[in-house]
Amino acid sequence: MKTLSFAQAIESALAQAMSADDRIIVMGEDVELIRVNLFSRFGTKRVLNTPVSEGAFVGAAVAAAMAGLKPVVEVMLVDFIGTAMDAILNHAAKVEAFTNGRWKVPLVIRSACGGGYGDGGQHEQSLWGWLAHIPGLAIVVPSTPADAGGLMVSAIQHEGPVIFLEHKLLADYWLDYMGGNNRESVQFDVPPDGAYGAVPDQWGAIPLGQSAIRRKGKDITIATVGVGVHRSLEAATMLQKKGISSTVLDLRSLAPLDKATLCKSVEKTGRLLAVDEDYRPYGLSGELAAVVLEAGISFQYARVCTEETIPYCRAREDDVLPNKTRITEAAAKLMNE
Amino acid sequence: MEPDVWQLYRSMLKSRFFEEAVIELWNQGKISGEMHLGIGEEAIAAGVVALVQEGDALALDHRGTPPLIMRGIDPVQLLLELLGHPDGLCGGMGGHMHLFSKEHLVGSSGIVGASCPAGVGFALAHRYLRPGKIAIAFFGEGAMNQGMVMESFNLASVWKLPVIFICKDNRWAITTSSTSVTSGALVERARSFGIPAEEIDGVDVAAVWNTTKPAIDGARGGKGPAFFHMHCVRPEGHFLGDPLIRIARHPVKGMKPLAGPLLKSVTKMKGTSLKGRSESLREVVTSIGTTMKNQRHKKQDPLKRAREKLVSEKAKLQKMEEDVRNEIQKAVRTALQIARQKTKDASV
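Note that this is a predicted model, so its numbers are computed, not measured.

### Observations concerning the overall build of chain B
Helices and strands together make up the secondary structure of chain B, namely 13 helices and 8 strands. Relative to its length of 348 residues, chain B is compact, with a C-alpha radius of gyration of 21 Å against a globular reference of 20 Å. Seen through its principal axes, chain B has C-alpha atoms that stretch 65 × 60 × 45 Å. In chain B, which comprises 348 residues, the share counted as buried stands at 58%. The contacts in chain B between residues at least 6 apart in sequence include a share of 74% that link residues at least 24 apart. Here chain B has roughly 15,200 Å² of accessible surface; of this, 57% comes from carbon and sulfur atoms. For chain B, the distance from the average position of its 46 positive side-chain charges to the average position of its 36 negative side-chain charges is 5 Å.

### Focus on the overall build of chain A
Helix and strand content of chain A: 15 helices and 14 strands. For chain A, the C-alpha radius of gyration of 19 Å lies close to 20 Å, the compact-globule estimate for 337 residues. Structurally, chain A occupies a C-alpha span of about 60 × 55 × 40 Å along its principal axes. Counting over 337 residues, chain A shows a buried share of 64%. Taking the intrachain contacts of chain A between residues at least 6 apart in sequence as the baseline, contacts between residues at least 24 apart amount to 78%. A total of about 12,300 Å² of accessible surface is found on chain A, and carbon and sulfur atoms cover 53% of it. Of the side-chain charges in chain A, 32 are positive and 39 negative, and the distance between the mean point of each set is 6 Å.

### Quick look at the sheet that holds strand 4 (residues 70–77) of chain A
All names here are of chain A. Sheet architecture is open: 7 strands sit in the order 3-2-4-5-7-6-12, paired in mixed fashion. The open sheet has two free edges, formed respectively by strand 3 (47–49) and strand 12 (253–255), since each of these has just one partner strand. Geometrically, the sheet is characterised by an average inter-axis angle of 20° between neighbouring strands, direction not taken into account. Packing against the sheet, helix 8 (residues 145–157) makes contact with strand 2 (24–28), strand 4, strand 5 (108–113), strand 6 (138–140) and strand 7 (162–167), and its axis sits at approximately 160° to strand 7.

### Some points on the packing of aromatic side chains
Residues and elements named next belong to chain B. Under the defined criterion, the tally for this structure stands at 5 aromatic pairs over all chains. For the pair Phe153 and Phe227, a centre-to-centre distance of 5.5 Å together with 65° between the ring planes defines the contact as edge-to-face. Within this pair, whereas Phe153 is found in helix 6 (residues 147–158), its partner Phe227 is found in strand 8 (residues 226–231), the two being separated by 74 residues in sequence. The class of Phe153 is buried, set by a relative accessible area of 0%.

### Overview of the nonpolar core
Nonpolar side chains in soluble globular proteins generally cluster together in the buried interior. All names here are of chain A. Formed by 112 residues in total, the largest nonpolar core has its most connected members in Val58, Leu107, Trp128, Ile139, Leu262 and Leu288. For this core, the leading source of residues is helix 1 (residues 6–20), giving 9 residues. Apart from the residues lying within four places of it in its own chain, the contact partners of Leu288 are Ala223, Leu251, Leu257, Leu262, Leu272 and Ala274.

### Topic: the pattern of salt bridges
All names here are of chain B. Tallied over the full model, the rule gives 32 salt bridges over all chains. Ionic pairing is found between Lys14 and Glu327, a salt bridge with its closest N-O pair at 3.3 Å. One end of the pair, Lys14, is in helix 1 (residues 5–27); the other, Glu327, is in helix 13 (residues 314–347), and 313 residues separate them in sequence. Between Asp301 and Arg16 there is a salt bridge, with its nearest N and O atoms 3.1 Å apart. With a gap of 285 residues between them, Asp301 in the loop between helix 11 (274–295) and helix 12 (302–308) and Arg16 in helix 1 connect regions that are remote in the sequence.

### So, the interface of chain B and chain A
Taken together, the contact pairs 54 residues of chain B with 49 residues of chain A. Here chain B packs against chain A, burying approximately 4,100 Å² in sum over the two surfaces, 55% of which is carbon and sulfur. The interface formed by chain B and chain A holds 0 salt bridges in total. Where chain B packs against chain A, one counts 22 residue pairs in polar contact (both at pLDDT 80 or more). Among the elements that make up the side of chain B that touches chain A, the one with the highest residue count is helix 11 of chain B (7 residues). Here the side of chain B that touches chain A is composed, by residue class, of 21 nonpolar, 24 polar and 9 charged.

### Points about the packing of helix 12 (residues 259–269) of chain A against helix 13 (residues 284–294) of chain A
Helix packing for two helices is described by the angle between their axes and how far apart those axes are. Residues and elements named next belong to chain A. Close contact between helix 12 and helix 13 brings their axes to 10 Å; oriented N to C, the two are set at 75°. On the basis of the axis angle, helix 12 is roughly perpendicular to helix 13. On helix 13, the residues that touch Lys259, Leu262, Cys263 and Val266 of helix 12 are Leu288, Val291 and Val292. Looking at the contact of helix 12 with helix 13 residue by residue, the classes come out as 6 nonpolar, no polar and 1 charged.

### With respect to the environment of Asp74 of chain B
Considering the arrangement of structural elements, one finds Asp74 of chain B in the loop between helix 3 (65–71) and helix 4 (75–82). Remark: the alpha-carbon pair of Asp74 of chain B and Val181 of chain B, spanning 107 residues in sequence, is separated by 38 Å.

### A short note on helix 11 of chain B
Taking 1.5 Å as the rise per residue, helix 11 of chain B with 22 residues should run 32 Å; its terminal C-alpha atoms sit 32 Å apart, in good agreement. Considered for burial, the residues of helix 11 of chain B that qualify are Gly276, Arg277, Ser280, Val284, Ser287, Ile288, Thr291, Asn294 and Gln295 of chain B. Taken end-on, helix 11 of chain B shows its buried residues confined to a sector of 140°, consistent with a single buried face. Across helix 11 of chain B from its buried face, at more than 90 degrees, point the exposed residues Leu274, Lys275, Arg282 and Val285 of chain B. Residues of helix 11 of chain B that are buried sit in contact with helix 2 (31–34) and helix 3 (36–42) of chain A together with strand 5 (172–173), helix 9 (243–249) and helix 10 (251–266) of chain B.

### What to know about the side chain of Gln125 of chain A
Residues and elements named next belong to chain A. For Gln125, the position within the fold is in the loop between strand 5 and helix 7 (128–132). Side chain to side chain, Gln125 and Tyr279 meet in a polar contact 2.7 Å long. Discounting chain neighbours no more than four positions away, the residues touching Gln125 are Val78, Asp79, Cys113, Gly114, Tyr279 and Ile310.

### Details of the state of the cysteines
Under the defined criterion, the tally for this structure stands at 0 disulfides over all chains. Looking at Cys263 of chain A, it has no disulfide partner, and the nearest cysteine sulfur is the one in Cys305 of chain A, 18 Å off. Taking the relative accessible area as the measure of exposure, Cys263 of chain A reaches 12% and is therefore buried. You can see Cys313 of chain A has no disulfide; the closest cysteine sulfur is in Cys90 of chain B, sitting 13 Å from it. Accessibility expressed as a relative area gives 11% for Cys313 of chain A, which makes it buried.

### Looking at the sheet that holds strand 13 (residues 271–279) of chain A
Hydrogen bonds along the backbone pair up the strands of a sheet, which may run parallel or antiparallel. Residue and element names in this part refer to chain A. Across the sheet, 5 strands lie side by side as 9-11-10-13-14; this open sheet has mixed pairing. Only two strands of the sheet have a single neighbouring strand rather than two, namely strand 9 (212–215) and strand 14 (300–306). Geometrically, the sheet is characterised by an average inter-axis angle of 25° between neighbouring strands, direction not taken into account. Across 5 bridges, strand 10 (residues 220–224) lies against strand 11 (residues 246–250) in parallel orientation. Bridge assignment links Thr224 to a residue of strand 11, and that residue is Asp250. Sitting on the sheet, helix 12 touches strand 9, strand 10, strand 11 and strand 13, and the angle it makes with strand 10 is about 155°. Lying over the sheet, helix 13 contacts strand 10, strand 13 and strand 14, oriented at roughly 150° with respect to strand 13.

What counts and how
- Residues numbered from 1 in each chain as written.
- Chains lettered and ligands numbered in written order.
- Predicted model: local features only at pLDDT ≥ 70, side-chain atom pairs only at ≥ 80, totals over all residues.
- Heavy atoms only, no water.
- Helix = DSSP H or I, 4+ residues; strand = E, 2+ residues; numbered from the N terminus.
- Rg over C-alpha atoms; globule rule 2.2 N^0.38 Å.
- Buried < 20%, exposed > 50% of the residue type's maximum accessible area, 1.4 Å probe, protein only.
- Contact = heavy atoms within 4.5 Å.
- Areas by Shrake-Rupley, 256 points an atom, 1.4 Å probe, with all protein chains shown as cover.
- Lys, Arg positive; Asp, Glu negative; His and termini not counted.
- Charge placed at Lys NZ, Arg CZ, Asp CG, Glu CD.
- Pairing = 2+ DSSP bridges.
- Axes fitted to C-alpha atoms, helices over the stretch in contact; angles between N-to-C directions.
- Phe/Tyr/Trp six-rings, centres within 6.5 Å; stacked < 30°, edge-to-face > 60°.
- Core = buried A, V, L, I, M, F, W, Y, C linked by side-chain atoms within 4.5 Å.
- Salt bridge = Lys/Arg side-chain N within 4 Å of Asp/Glu carboxyl O.
- Buried area = accessible area lost by both parts, 1.4 Å probe.
- Polar contact = N/O pair within 3.5 Å; in protein donor to acceptor, adjacent residues only side chain to side chain.
- Nonpolar A, V, L, I, M, F, W, Y, C, P; charged D, E, K, R; others polar.
- Parallel < 35°, antiparallel > 145°, perpendicular 65-115°, else oblique.
- Expected span 1.5 Å × (residues − 1).
- Arc of directions from axis to C-beta.
- Disulfide = S-S within 2.5 Å.

As structure tokens, this is what we get:
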């Protein structure tokens, strides 16, 4: 075991995979610099700088994957995925179905997501629910370095398209753009166990669709992903002081979704609190309720989500994103119902 | 007609002082998030915005501060927005990449290239609602590789819309050298859509004014769109916190966190050949070297260039500079005072 940052863990897993399989190429805006370690080791043929042309390079990656390569494409922020959406929605996600399973698209799209650093509503969205809505896509949202690396190994091995979302409060390279250590007065609420952590010496695959129970409790099941996991764990500690015992379930991937573990846990606790940094309507939080209802389980339900366009103003932003206070209050309220 | 160089210089100076104040506030952590400045492209903004009339529209990119200041947006309101204050230009909701002023018909976007379809749409509305008015779209040369930019050129041309496309070429698409990812000549792209196009020195504010004036007048008169490829510099990098700038300014401190992992990675067993690896390293070093060289190009400062022509009237020049400095300093003091007041109210 060794300790790596979230971003280093992904890079390390990717490097391991790239050295074992020549078909893996990395492409995206600025990757020669952002992924300078991979670039310097694997060279210009394996790490390709692209122009700001998401529609073209994501679209090209889809067909390159169909023709035998295993592209790992970077869309700098998930908010920027709009210009590449046709390639994802109508092509990457459809080819396997259109060919009745004969032709697959082994593509990984890496993208930074999430808020909490004051960049405003066009740069801090999560959008995983929006993406997971589309059949044919796998959506992965890791919350720790060990998961980030293990899930990256799985994403590369996966036969279909995977969207791999890296929360900016966990991926330190992004916070470095906010001035790094030259701007000491700026503090971000970075979950320490998410940004740094123990990782294996040799990466193995963590299967997609397998959730992780981060904390076990009997009164309430808090289901979440990404930074939400850490906010929920903090809330669970506060709830414990009030005598409320929580299970915190890290879903790790939205598609495929680990329905079995979710249902089993809610069946035991009788309460589900969905904590989702993505928008509330028509998303992950509602989907979790539907899945448990469809399993015939009766339970009480609440959710803490992002309710509106994320405000630029830091104080308002912190209120809009799911925080430990909102989670604690929602859980306590659910207990009293 | 000749441009009023005094007025143009004043306009650029106001923007520069404002953005210098922004740097300080950002460094102090009072402004959050990323920060993209328009330092280095003031001549382009000033030359074009000086030709803007009431009723014209501006579609801006992520470097919207200079055109907004030059268009006459209240600097206090703008600063309050950057401070995330409810009295800011957008109520603290937008921030520097998402600045809007409905009354001035100014919109901005942090999505690369998005100002081009916006410019086309503003111009389309003008045709129905404000004949004789124009729209101006500002964007970087990095945006020239976005499909929506090419699509906008075509639409503007076939519909003969009064939109002026201003491509500000600072040679870098984020932290990638633009020429390494861009084919052909940009003016040729526009011309192939039937749009008249010119390439000019965007550091020379009088040249910007002189070259764009006939096109803007023409667009008002129904002659359709025009495209300008203007060269400039970006001494502050893509954004404050740009790793290339940090390394260029403080090579030892800047390289320190990079060097260890880089050395470790480049010496790992599996990977490309030694030749391939040194080729990669050479590219990284070239990027850093070019950034360092750009830092020394003081002649490329549009303000210095404009000032040279005015320096013969020293007293008048110094008075103007002093006035503008005081104006911005006063705006900063006022904005900070309002922001502090709010914090005090909140803590009571």
